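One letter stands for each residue in the lines below.
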Amino acid sequence: MSSLPPTVAVIDYGAGNLRSVAKALERSGLRTRVTDDPARLRDADSIVLPGAGAFADATEGLRARGLDGAVRDHIGSGRPFLGLCLGLQLLFEESDEHRVTPGLGLLRGRVERFPDRDPDGTLLRVPHIGWNEVRFSGQHPMVDRLPDADTFYFVHGYRAVAADPKRVIGRTSYGGEFASAVAVDNVFAVQFHPEKSQSAGKRLLDAYRAWLEACL
Amino acid sequence: MLLKRIIPCLDVDKGRVVKGVQYADHVDAGDPVEVARMYDAQEADEITFLDITASHEERRTLFDVVSRTAETVFMPLTVGGGVRDVQDVRDLLNAGADKVSIMTASVQNPDLVADVAAKIGSANLVVAIDSRRRGSGALVADERSDATGEYAAARALAAGGDSPWEVATHGGRRRTGIDTVEWAARMAEAGAGEILLTSMDRDGTRAGYDLEQLRAVADRIPIPVIASGGGGSAEDLADALREGPDGGHAQAALAASIFHFKETTVGEVKRQLLRWGIPVRPPVGSDA
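Reading guide: rules and limits
- Residues numbered from 1 in each chain as written.
- Chains lettered and ligands numbered in written order.
- Predicted model: local features only at pLDDT ≥ 70, side-chain atom pairs only at ≥ 80, totals over all residues.
- Heavy atoms only, no water.
- Helix = DSSP H or I, 4+ residues; strand = E, 2+ residues; numbered from the N terminus.
- Buried < 20%, exposed > 50% of the residue type's maximum accessible area, 1.4 Å probe, protein only.
- Polar contact = N/O pair within 3.5 Å; in protein donor to acceptor, adjacent residues only side chain to side chain.
- Pairing = 2+ DSSP bridges.
- Contact = heavy atoms within 4.5 Å.
- Buried area = accessible area lost by both parts, 1.4 Å probe.
- Salt bridge = Lys/Arg side-chain N within 4 Å of Asp/Glu carboxyl O.
- Nonpolar A, V, L, I, M, F, W, Y, C, P; charged D, E, K, R; others polar.
- Phe/Tyr/Trp six-rings, centres within 6.5 Å; stacked < 30°, edge-to-face > 60°.
- Lys NZ or Arg CZ within 6 Å of the ring centre and 35° of its normal.

Draft legend 1. Focus on the environment of Arg31(A). Residues and elements named next belong to chain A. Its location among the elements puts Arg31 in strand 2 (residues 31-35). Since its relative accessible area comes to 35%, Arg31 is described here as partly exposed. Placed 164 residues apart in sequence, Arg31 and Glu195 show a C-alpha to C-alpha distance of 15 Å. A distance of 3.1 Å separates a polar atom in the side chain of Arg31 from a polar atom in the side chain of Thr7.

Draft legend 2. Structural detail: the sheet that holds strand 5 (residues 94-95) of chain A. Residues and elements named next belong to chain A. Reading across the sheet, the four strands line up as 6-5-7-10 and stay open at both edges, with mixed pairing between neighbours. Both outer strands of the open sheet, strand 6 (101-102) and strand 10 (158-162), are each paired with one neighbouring strand and no more. Where strand 7 (residues 109-113) and strand 10 come together, five bridges link them in antiparallel fashion. Bridged to Val111 within strand 10 is Ala160.

Draft legend 3. Spatial organisation of the interface of chain B and chain A. Listed as interface residues are 40 residues of chain B and, on the opposing side, 35 residues of chain A. Roughly 3,000 Å² of surface becomes buried between chain B and chain A when both sides are summed, with 53% attributable to carbon and sulfur atoms. Sorting the residues of chain B by area buried against chain A places Leu2(B), Glu71(B) and Phe74(B) first, and these three jointly supply 24% of that buried surface. There are three salt bridges connecting chain B and chain A. Of the charged contacts in the structure, one is a salt bridge between Arg90(B) and Asp57(A), with a shortest N-O distance of 3.6 Å. Where chain B meets chain A, there are 18 residue pairs in polar contact (both at pLDDT 80 or more). If you list the elements that add at least two residues to the side of chain B that touches chain A, you get helix 2 (59-72), helix 3 (86-95) and helix 5 (112-119) of chain B. Take the side of chain B that touches chain A: its biggest share by element is four residues, from helix 3 of chain B. Its residues assigned to classes, the side of chain B that touches chain A comprises 20 nonpolar, eight polar and twelve charged.

Draft legend 4. Representation of the pattern of salt bridges. Considering all chains together, one arrives at 41 salt bridges over all chains under this definition. Between Glu150(B) and Arg174(B) there is a salt bridge, and its shortest N-O distance comes to 3.2 Å. Placement of Glu150(B) in helix 6 (residues 141-150) and of Arg174(B) in strand 8 (residues 174-179) is noted, with a sequence separation of 24 residues between them. The partly exposed category is assigned to Glu150(B), whose relative accessible area is 34%. The exposure class of Arg174(B) is buried, given its relative accessible area of 13%. A salt bridge links Glu166(B) to Arg175(B), with the nearest nitrogen and oxygen atoms 3.2 Å apart. Across this residue pair, the class does not change: Glu166(B) and Arg175(B) are buried. What you see here is one network of salt bridges that share partners, running through Glu94(A), Asp96(A), Arg110(A) and Glu112(A).

Draft legend 5. Fine view of the packing of aromatic side chains. What the rule picks out here adds up to nine aromatic pairs over all chains. Taken together, a centroid distance of 5.6 Å and an interplanar angle of 70° make the contact between Phe154(A) and Phe192(A) edge-to-face. Of this pair, Phe154(A) sits in strand 9 (residues 149-156) while Phe192(A) sits in the loop between strand 13 (187-190) and helix 6 (198-215), placing them 38 residues apart in sequence. An identical accessibility class is assigned to Phe154(A) and Phe192(A); each is buried. Relative to Trp211(A), the ring of Tyr208(A) lies with its centre 6.4 Å away and its plane at 55°, an arrangement referred to as tilted. Remark: Trp211(A) and Tyr208(A) occur in helix 6; sequence separation between them is three residues, near one turn of the helix. Each member of the pair, Tyr208(A) as well as Trp211(A), carries the same accessibility label: buried. Put simply, the rings of Phe114(A), Phe136(A), Phe152(A), Phe154(A), Tyr174(A), Phe178(A) and Phe192(A) touch in pairs and so form one group of aromatic residues. The positively charged end of Arg281(B) is found above the aromatic ring belonging to Trp131(A), 3.4 Å away from the centroid.

Below, the structure is given as structure tokens:
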């Protein structure tokens, strides 16, 4: 085991701001490198796939840089992976945003727009913007390290509908219950923005660091 | 449950906060990053920078302020002012903004919002609307005729609207004849993720938000509405956020002066709102 903190590669594929992601990870004691070079992902202890913006733009940005294959290789190697916002959605098979676009297909299910109405028939304002509660439960080492519930910042109009409910380890109420965190083995991804969620975000990234250290 | 948001807003000129701000001596009064740090400590739900820098050459300063803020505070940041095209939006997001707000450019070029929504997505796009009651205020007649050609496309788009309010530009001085409620509906359809609605009749008066106008817009569109203009007390913010026949039905309330002059803190306002049954994130150090 190394005495240095784990190194996390933050994937830069041209979709939004990576500086706050890197700084938030550093605040939780991790070493970071922001890179768009697939080769520089290979020796990282973990990779973080962030993202804001449109789904199709993001898949194109990943493919153009050869990063889609690098993400698959990393996950296949068994090393921990953290997806943020669009980084959660990209794990699924496809998204409806603007036109149907294939994702990485690492989790079964699709990304769909929120419904126009709440189950009780009232208007649902879309996008879902602001602070909302995430309830964590299920079988995953991250769940053991997180509080039962915490409040995080969201900004998104689409959400993942997982085919396998066992993959859903965080649930949030908006237009019914949706998957705000998903996980399987070495993959953990959240729909919200821990890097923008003040103290709750720090708790989550501290838990991520503890998970990485346990994996190494 | 999705919570209602309290958003302090800073006017930024050439990289400095303006508006005669008075802070405790350990905070640099003029540095937006330091002010953002203070609001982060108060756990404001978001922060908004409105860049009022006149010249385009000085825009680089704004990018620097945005990146330094995003590196320093871990809270949501919206940036607006002078955003002209898709590239401006992209640059601000890449610098560290979470949402970008478009105002004048959307009125001058009504296709811009749909363009940004298609290329970047709706969730990070705020359309700001400065609005005033028709026939109110000391508007100069020739400014009105100037506006006729420039805003013709937007006015046609919002034709058929007959609300008592119209969109204003140039800090509220120039009326456009564009119906506010109809314009908000068209912008929501085009792909705006949120509407920031500022009542220019109330802005700076601290007489309370224009609740009638807020309600009219919030009830008309299926996207979140941020109330702005006139917030002078916790009661005013509560009114803007409240549902029911007398409330403003807004999802978030923007305020400047009540926080800048340190009359109160975001935490104190939130404690009041919680007492009145408005669902907000409990303030720091609260067990609520």
